[in-house]
Amino acid sequence: MDFNDTKEEADYRAKVRAWLDQNAERKKSSKDALPSLGLEEALERARKWQATKAEGGFACITWPKEYGGQGGSSIHNVIYSQEESNYLVPGGFYAIGLGMCVPTVLAWGTEEHKERYVAPAIHGDEIWCQLFSEPAGGSDVAGLRTKAEKDGDEWVINGQKVWTSGAHYCDYGIVVVRTDPNVPKHKGLTMFIIDMKSEGVDVRPIKQMSGESEFNEVFFTNVRVPDSNRLGNPGDGWKVALTTLMNERLAVGGGGGADWEELMSLGRESELEQMAAMSNGAVRERVADWYVQTQGLKYTRFRTLTALSKGQTPGPESSISKVVSAAKMQDLGSFAMDLQGQAGIIRDREVSPQGAIFQNQWMGGAGYRIAGGTDEILRNIVAERVLGLPQDIRVDKDKPYNELPK
Amino acid sequence: MNFDFSDDQKLLKESVKKMLSDKCDLGRVRKVLDGDEPFAKDVWDALVELGVTGTAIPEEYGGLGLGALELCVVAEELGRAAAPVPFSSSVYLATEALLVAGTEEQKQAWLPKLASGEAIGTFAMAEGFTAASPRTVEVAFNADKLNGTKVAVPDGDIADVAVVLANTGGSGDKALSLVIVDLKASGVTIETVKTIDPTRSHANITFKDAPAELMGTEGEGWASTSAVFDSAAVLMAFEQIGGAEAAMWMARDYALERYAFGRLIGSYQAIKHKIADMYVKLELARSNCYFGAMMLNDKGAELPEAAAAARISATEAYRYAAQENIQVHGGIGYTWEADTQFYFRRSKLLALALGSALEWKDKLVARLETRNAA
């Protein structure tokens, strides 16, 4: 039992490191970050880095070689990410496209789709977004209302999507829509590739409770999409969407942010009951609990990596990660604010302890517990897929969509 | 990355599991609960026959000389079976204490017997309804004689030999020393006590001028106890996750057969999410246990933190699974006939066995503070 690389993994890691040393600047500490830029400049910086990775042979490592990937294994991909995290490189813009959308194109697209879309995505020339959630369909995505009607060789889309990251700068998206309201909800959906610059696509930012705007609403008004942009058969949209959602649960990773160490440092600086807060039993107990959770998640990832390293399919244990980290994120933020006395309500990067990280986390945690599968949906998934418990009784399962109460 | 047990270790695990499913189903555990036997002698003999009592004892003392990882897989299966045997007392505690603090003579006298199962050992610590510490331990060792009473000693009425945490008169942490006592010798009175889990026998032991021997250096008893408990905590955590997993599957199986309001109760989210939470806690604990096992086996510097994390999370996983398993069963789960009680009883017994989570959390944070200051 050890954390060591196999010979092959160690060789690959050395190759990755040598390449990163040539092409990026190593972080001096784990908190080092690139300077923040405006959208256009940040995009350009990310685009350049993606192109550099593609030329170096480290973009889309697990994708098949014939479409421009590296034909590598999941463990290669992990090793690359581990190493890359030690360097100052831009991230973000490509995660959803390369993590979820284009893999869906690879799984369901025609030869023409793959020829056309995969290589430009790898090289960073085109960015993708995912258009699934709707105001009336969140956890119940298959209850979505946006519809597409056939008109000759084209489909005409009308409706609204929501929570779409990056819709304002993306070139393409995958969109799931209702093409047949006369059959039960899961059977009447179809997936399309959509050009985000099409006429009738209107992107508006959503202002979140936290005050930030990381997502958009996307309105479709008579947007025409050629039938050749269809992924899978009409009516297969749900199956296609599941491919994407499986990837989403892998992509929505750890919460990051403040953890037990930040809390402990706050506890040393704050007073409680006329003593350093870290001497307080309640504070000590929370620090211990969150340390134990963080360690548990870390070593759960190591168990998953071990399976990948041995060429096995990882066990279901990785499904616990988000449910634990999201609640921890919110609760830890809230508890740390309690340690700040009455001033804990101040959320100001300039004056709040540690740059208001706890206030931000308390606020952001409320969203993180919902994004990419709510706490409740994730528990259903564990119960049904891991433990073999039955689905809830679904009153809408066999009824045509247009007869459901809405 | 090779963060897993080896194929040989998994084979050992399977063979222990098979023996226990043959000889130690919950019906066998129930016989100990309902009857007078203090432990399942037949199961103990079968474990001895498999050689697992001497797993981590060096070959020169009659053991197999294997590492800690082998003991971890055995522990998980014993926990799953809720086996009524003195394995933890004899192997994780008495054996480990001898390895940590025993003199060469003491090792030669006792380790071969503990390895062969000819003798059963235990560790005596508590003296009253409070956490044992240098402030509370009064049992006195002086001039090779031991005096005073230890309470709730695990397997105290079965054991042949006990390692005892005793007061030797120094100040602060240095007040305590470990001593070893032959429980069959004169001056030892043993009285079985009623506990929450009669499937694991406990006793109060009174020493009156009982002959005893100092182990290791005088005044090092508290430090040695801490070292012994760190390794015992990892091993016991494996018992705890074994038990937690068994309780989780018992709840799940019942949720798949019991109907209420016209549907399987396992289709209600209130029940599903409860069992999903058992799984979440279990997997967090399992991952912490694996790291604990690795640190124990490698004698790693992070063992104290790893042991605490394993113990805290495994205690929580077992508490939740055992308690909510009864809840999933409803009224039938609260009857004497139901098997839910075995995990419920054992989960709390193990939660207190090496000191409660309250103590371990505080110890963990103290350790993190030291590490952070360094």
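Residues numbered from 1 in each chain as written. Chains lettered and ligands numbered in written order. Predicted model: local features only at pLDDT ≥ 70, side-chain atom pairs only at ≥ 80, totals over all residues.

1. A look at the overall build of chain B
Consideration 1: Scanning chain B from N- to C-terminus turns up eleven helices and nine strands.
Consideration 2: In summary, chain B has a C-alpha radius of gyration of 21 Å against a globular reference of 21 Å for 374 residues, a match within 12%.
Consideration 3: Overall size of chain B, expressed as C-alpha extent along the three principal axes, is 75 × 50 × 40 Å.
Consideration 4: Taking all 374 residues of chain B together, the buried fraction comes to 56%.
Consideration 5: Taking as baseline every contact in chain B between residues at least 6 positions apart, the subset at least 24 positions apart corresponds to 74%. (Helix = DSSP H or I, 4+ residues; strand = E, 2+ residues; numbered from the N terminus. Rg over C-alpha atoms; globule rule 2.2 N^0.38 Å. Buried ≥ 20, exposed ≤ 12 C-beta atoms within 10 Å, placed from the backbone. Contact = placed C-beta atoms within 7 Å.)

2. Concerning helix H4 (residues 68–81) of chain B
Consideration 1: Taking 1.5 Å of rise per residue, 14 residues should cover 20 Å, and H4 of chain B covers 20 Å from first to last C-alpha, within 8% of that figure.
Consideration 2: Among the residues trailing H4 of chain B, Ala82 of chain B stands out with phi positive, at a value near 50°. (Expected span 1.5 Å × (residues − 1).)

3. Here's the deal with the domain arrangement of chain B
Residues and elements named next belong to chain B.
Consideration 1: The domain boundaries assigned to chain B delineate domain 1 (7–116), domain 2 (121–222) and domain 3 (226–373).
Consideration 2: The C-alpha-based centres of domain 1 and domain 2 are spaced at 22 Å.
Consideration 3: Contacts between the two partners involve 21 residues from domain 1 and, on the opposite side, 19 residues from domain 2.
Consideration 4: Counting residues per element, the side of domain 1 that touches domain 2 draws most heavily on helix H5 (residues 87–101), which supplies eight residues.
Consideration 5: Here the residues of the side of domain 1 that touches domain 2 are counted per class, giving 14 nonpolar, seven polar and no charged. (Domains from an automatic or database assignment. Nonpolar A, V, L, I, M, F, W, Y, C, P; charged D, E, K, R; others polar.)

4. Brief notes about the interface of chain A and chain B
Consideration 1: Taken together, the contacts link 36 residues of chain A with 39 residues of chain B.
Consideration 2: Listed by contribution, the elements that provide at least two residues to the side of chain A that touches chain B are helix H8 (281–309), helix H9 (321–338) and helix H11 (375–386) of chain A.
Consideration 3: The element best represented in the side of chain A that touches chain B is H8 of chain A, accounting for 16 residues.
Consideration 4: Grouping the constituent residues of the side of chain A that touches chain B by class yields 20 nonpolar, nine polar and seven charged.

5. What about the environment of Leu368 of chain B?
Consideration 1: Mapping Leu368 of chain B onto the fold places it in helix H11 (residues 357–373).
Consideration 2: C-alpha of Leu368 of chain B to C-alpha of Pro304 of chain B: the two residues are 64 residues apart in sequence and 9.9 Å apart in space.
Consideration 3: Every residue in contact with Leu368 of chain B, bar those within four places of it in the chain, is listed here: Met264 and Tyr291 of chain A together with Glu305 of chain B.

6. Quick word on the environment of Ala10 of chain A
Consideration 1: As for its placement among the helices and strands, Ala10 of chain A is situated in helix H1 (residues 7–23).
Consideration 2: Residues Ala10 of chain A and Phe335 of chain A, spaced 325 residues apart in sequence, show a C-alpha to C-alpha distance of 41 Å.

7. Notes on the domain arrangement of chain A
Consideration 1: By domain assignment, chain A separates into domain 1 (7–91), domain 2 (128–250) and domain 3 (253–370).
Consideration 2: A C-alpha centroid distance of 34 Å is found between domain 2 of chain A and domain 3 of chain A.

8. Here we look at the pairing of strand S5 (residues 176–182) of chain B
All names here are of chain B.
Consideration 1: With six of its seven residues buried, S5 lies for the most part within the structure.
Consideration 2: By the bridge criterion, seven bridges tie strand S4 (residues 161–167) to S5 in an arrangement that is antiparallel. Bridging from a neighbouring strand, Asn167 pairs with Leu176 of S5. (Pairing = 2+ DSSP bridges.)

9. Quick look at the packing of H8 of chain A against helix H9 (residues 303–329) of chain B
Consideration 1: It is the contact of H8 of chain A with H9 of chain B, at a shortest axis distance of 10 Å, that shows an interaxial angle of 95°. One element, H8 of chain A, and the other, H9 of chain B, form an angle in the roughly perpendicular class. Between H8 of chain A, through Ala288, Tyr291, Val292, Gln295 and Gly296 of chain A, and H9 of chain B, the contact on the second element is made entirely by Ala309, Ile312 and Ser313 of chain B. (Axes fitted to C-alpha atoms, helices over the stretch in contact; angles between N-to-C directions. Parallel < 35°, antiparallel > 145°, perpendicular 65-115°, else oblique.)

10. With respect to the nonpolar core
All names here are of chain B.
Consideration 1: Counting residues in hydrophobic clusters, the biggest one holds 232 residues, and the most contacted among them are Val164, Val181 and Ile275.
Consideration 2: Ranked by the residues each element gives to this core, the list is headed by helix H7 (residues 221–255), at 19 residues.
Consideration 3: What Val164 contacts, discounting residues up to four positions off in sequence, is Ala124, Val139, Leu146, Lys150, Val179, Val181 and Ala212. (Core = buried A, V, L, I, M, F, W, Y, C linked by C-beta atoms within 7 Å.)

11. Observations concerning the environment of Gly27 of chain B
Residues and elements named next belong to chain B.
Consideration 1: Looking at the secondary structure, you find Gly27 in helix H2 (residues 26–34).
Consideration 2: Given 8 C-beta atoms within 10 Å, Gly27 falls into the exposed group.
Consideration 3: Note: C-alpha distance between Gly27 and Ile205 (178 residues apart in sequence) is 30 Å.

12. Description of the confidence of the model for chain B
Consideration 1: Of the residues in chain B, 100% have a pLDDT of 70 or more, and the chain-wide mean is 97.
Consideration 2: Note on the complex model: pTM 0.95, ipTM 0.95. (pLDDT = per-residue confidence, 0-100.)

13. Some words on unusual backbone geometry
Where the residue is not glycine, phi is negative for most of them; where a peptide bond is considered, it is trans in most cases.
Consideration 1: Although it is not a glycine, Trp163 of chain A sits at a positive phi angle of roughly 65°.
Consideration 2: Structurally, the position occupied by Trp163 of chain A is in strand S5 (residues 154–165).
Consideration 3: A positive phi is found at Asp155 of chain B, a non-glycine position, where the angle reads about 55°.
Consideration 4: Turning to its location among the elements, Asp155 of chain B is positioned in the loop between strand S3 (145–154) and S4.

14. Notes on the packing of H9 of chain B against H11 of chain B
Residue and element names in this part refer to chain B.
Consideration 1: Where H9 meets H11, the axes come as close as 9 Å, and the angle between the chain directions of the two elements is 150°. With respect to each other, H9 and H11 are oriented roughly antiparallel. When the axes of H9 and H11 are compared, the crossing they make is left-handed. Residues Pro304, Glu305, Ala308, Arg311, Ile312 and Thr315 of H9 form the contact with H11, whose participating residues are Ala357, Trp360, Lys361, Lys363, Leu364, Arg367 and Leu368. (Left-handed = near helix turned anticlockwise from the far one by under 90°.)

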